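Residues per chain, in single letters:
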Amino acid sequence: MSSRRTPYNARMHPVVHNQLDEAIDQAVPILQRAHYVGVLTGAGVSAESGIATFRGSGGLWEGQRVEDVATPQAFRRDPGLVWRFYNQRRASLRTSQPNPGHHALYRLEARLGSDRFALITQNVDGLHRAAGSRHVLELHGSLARVRCQECGEVKYRPANEDLPPLPRCDRCSDLLRPDIVWFEEALPEDVWTEAADCAARSDVFLVVGTSAVVYPAARLVPIAKAAGAVIIEVNLAPTEASYWVDIGLYGPSGEVLPKLIAL
Ligand code: OAD
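Residue indices follow the written sequence of each chain, beginning from 1 at its first position. Only residues with pLDDT of at least 70 are given local features in this predicted model, and only at 80 or more are side-chain atom pairs given and counted; all residues enter the totals for whole chains, interfaces and linings. With hydrogens and water stripped out, all remaining heavy atoms of the structure feed into the side-chain values.

1. Focus on the domain arrangement of the protein
The cut-off we apply is this: Bear in mind that the domain bounds are from an automatic or database domain assignment. What makes two residues a contact is simply this: any of their non-hydrogen atoms within 4.5 Å. Here the quantity called buried area is the total loss of accessible area, with a 1.4 Å probe, experienced by two parts when brought into contact, counted for both. For this document, the term salt bridge refers to a Lys or Arg side-chain nitrogen within 4 Å of an Asp or Glu carboxyl oxygen. Polar contact is defined as a pair of N or O atoms within 3.5 Å, subject to the rule that within protein one atom must be able to donate a hydrogen and the other to accept it, and that residues adjacent in sequence are counted only when both atoms are side-chain atoms. Residues are grouped as follows: Ala, Val, Leu, Ile, Met, Phe, Trp, Tyr, Cys and Pro are nonpolar; Asp, Glu, Lys and Arg are charged; all remaining types, including Gly, are polar.
Partitioning the protein into structural domains gives domain 1 (12-51 + 98-140 + 187-263) and domain 2 (52-95 + 142-180). Taking the mean C-alpha position of each, domain 1 and domain 2 sit 26 Å from one another. Facing 12 residues of domain 1, the contacting portion of domain 2 comprises 11 residues. For the pairing of domain 1 and domain 2, the buried interface totals around 880 Å² over both sides, and the portion due to carbon and sulfur atoms is 59%. Area buried by domain 1 at its contact with domain 2 is led by Ala43, Ile51 and Val124, which between them contribute 52% of it. With a shortest N-O distance of 3.3 Å, Glu138 and Arg145 are connected by a salt bridge. Between the two partners, domain 1 and domain 2, sit two residue pairs in polar contact (both at pLDDT 80 or more). The residue inventory of the side of domain 1 that touches domain 2, partitioned by class, reads six nonpolar, four polar and two charged.

2. Here's the deal with helix H5 (residues 100-112)
Filter applied, for reference: Secondary structure elements follow DSSP: runs of H or I of four or more residues count as helices, runs of E of two or more count as strands, with numbering from the N terminus. Given a helix with a known number of residues, its expected span is that number minus one, times 1.5 Å. Categorising residues by exposure relies on relative accessible area from a 1.4 Å probe, with only protein chains included: less than 20% of the type maximum marks a residue as buried, more than 50% marks it as exposed, and the intermediate range marks it as partly exposed. The reported arc concerns the directions from the helix axis to the C-beta atoms and nothing else.
Over its 13 residues, H5 runs 18 Å from end to end, which matches the ideal 18 Å to within 8%, given 1.5 Å per residue. Within H5, burial applies to Gly101, His102, Ala104, Leu105, Leu108, Glu109 and Leu112. Along the axis of H5, the buried residues cluster in a sector spanning 160°; they form a single face. On the buried face of H5, the contacting elements are helix H1 (20-33), strand S1 (37-41), strand S2 (117-121), helix H6 (127-130), strand S7 (204-208) and helix H9 (253-262). Gly113, located one to two residues past H5, shows a positive phi value of around 95°.

3. Here we look at the site of the ligand
Note the threshold: For this purpose, a residue is taken to be near a molecule or strand whenever a single non-hydrogen atom of the residue falls within 4 Å of it. For accessible areas, the Shrake-Rupley method is used with a probe of radius 1.4 Å. Any residue's cover is judged against the shown protein chains and nothing else. Of the two site types, the cavity is a set of points on a 1 Å grid over the protein atoms alone where a 1.4 Å probe fits but cannot get out, and the pocket is an open set with protein on both sides within 12 Å along at least five of seven lines, each lined by residues with an atom within 4 Å of a point. Placement in a cavity or pocket follows one criterion, namely that more than half of the molecule's atoms lie within 2 Å of its grid points.
Neighbouring the ligand are 22 residues, the closest being Phe54, Arg55, Thr210, Ser211 and Asn235. The contact in question runs from an oxygen atom of the ligand to an N or O atom on the side chain of Trp61, over 2.8 Å. In this structure, an oxygen atom belonging to the ligand sits 3.2 Å away from a main-chain N or O atom of Gln122. For the ligand, whose unbound accessible area comes to 800 Å², protein coverage reaches 90%. When atoms are counted within 2 Å of each cavity's grid points, the one that captures over half of the ligand is the largest pocket. There are two domains that each give the shell around the ligand at least three residues, and those are domain 1 (12-51 + 98-140 + 187-263) and domain 2 (52-95 + 142-180).

4. Observations concerning the layout of surface pockets
Stated formally: Grid points are joined across faces, edges and corners, and a volume is the space filled by probe spheres set on the points.
Each pocket or cavity is described by its volume, and for the largest pocket that value is around 760 Å³. Listed by contribution, the elements that provide at least two residues to the lining of the largest pocket are helix H4 (79-93) and strand S8 (230-235). Here the lining of the largest pocket is composed, by residue class, of 22 nonpolar, 13 polar and five charged. Counting contributing residues per domain, the lining of the largest pocket is built from domain 1 (12-51 + 98-140 + 187-263) and domain 2 (52-95 + 142-180), each supplying no fewer than three. Of the voids in this model, the second largest pocket is the one considered here, and its volume is about 390 Å³. For the second largest pocket, the lining is made up of 18 residues, of which Asp125, Gly126, Ala144, Tyr156 and Ala159 are closest to its centre. Where the lining of the second largest pocket is concerned, the elements lending two or more residues are H6 and strand S4 (141-148). By residue number, the principal contributor to the lining of the second largest pocket is S4, which donates four residues. Looking at side-chain class alone, the lining of the second largest pocket contains nine nonpolar, four polar and five charged residues.

5. What to know about the packing of aromatic side chains
The condition that has to hold: Here a pair means two rings of Phe, Tyr or Trp (six-membered ring of Trp) with centres within 6.5 Å. Their orientation is stacked below 30 degrees between planes, edge-to-face above 60, and tilted elsewhere. As a reminder, the over-ring test applies to NZ of lysine and CZ of arginine, requiring each to be within 6 Å of the ring centre and within 35 degrees of the ring normal.
If you walk through the whole model with that rule in mind, you get seven aromatic pairs. Each ring, one from Trp61 and one from Phe183, has its centre 6.3 Å from the other, and the planes form 65°; the classification is edge-to-face. In this pair, Trp61 is assigned in the loop between S1 and helix H2 (66-69) and Phe183 in the loop between strand S6 (176-180) and helix H7 (189-201), connecting sequence segments 122 residues apart. Judged by its relative accessible area of 15%, Trp61 is buried. Note on Phe183: relative accessible area 32%, which makes it partly exposed. Taken together, a centroid distance of 6.3 Å and an interplanar angle of 45° make the contact between Tyr86 and Trp182 tilted. Separated by 96 residues along the polypeptide, Tyr86 in helix H4 and Trp182 in the loop between S6 and H7 bring together distant segments of the chain. Exposure remark for Tyr86: the relative accessible area of 2% places this residue in the buried category. Taking the ring centre of Trp182 as reference, the NZ or CZ of Arg177 above it sits at 3.8 Å.

This is how it looks when you write it as structure tokens:
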């Protein structure tokens, strides 16, 4: 597998939009030759499905302090407030469908086979699975699952199901929480270990729609790079990950991914 070893630093050499087609032409043969493709996605891949991203104007964290709704302390202090936030996010999924970016990633897996592909996502919206993707590693949990804070039982509760303001466990009656990884919590160890293995096995690693500021997820990019992968970034603009990037494809993922994967 050929690899351009010099890290592409987009902050020093900004990519302008009219170079996008040229960059896609450069990326396509590299992707076609890949034996194993890893993908890390973030909220941006679902933006064209109408789901808000976290950072920046209009982002979920703009009108909401992380400390109030997405930490274990917040849940201990005011579980009703935390559940209101997550029930609103569950409700917003009812009208959301996978967009052409999710579908393109499904087609890439279908072409390569699931044993040569891993879709590692920070998203909790379930849209990759809804698009048909199978080898999906959800680093930050899922809005479609609840977990008992006492007995630990995890249950599938799809977003189209209304939950009470303070849902309780069928088994032990204690309070349920969203099965989401909050700030200050560790990622599920088995999921993280598999994600890091897949990143290290990749000869092409796509970084799609993430600001790459949340760790350890963002560490997957240097892990893949150190193992020799060509790093391709798809985003509206360069990010914290761009330091590691070989090819930057700067445009909406719902437009860029179908072009990259169709060719
Ligand atoms: P962010 O909101 O931090 O970043 C979204 C990224 O998507 C930005 O880099 C945007 O430029 C990009 N973007 C927006 N629209 C796009 C589009 N149509 N096509 C391509 N890119 C687009 O979201 P994440 O990086 O996912 O964690 O955030 C990481 C984690 O921080 C989340 O999983 C969440 C959050 O706090 C937890 O809740 C634990």
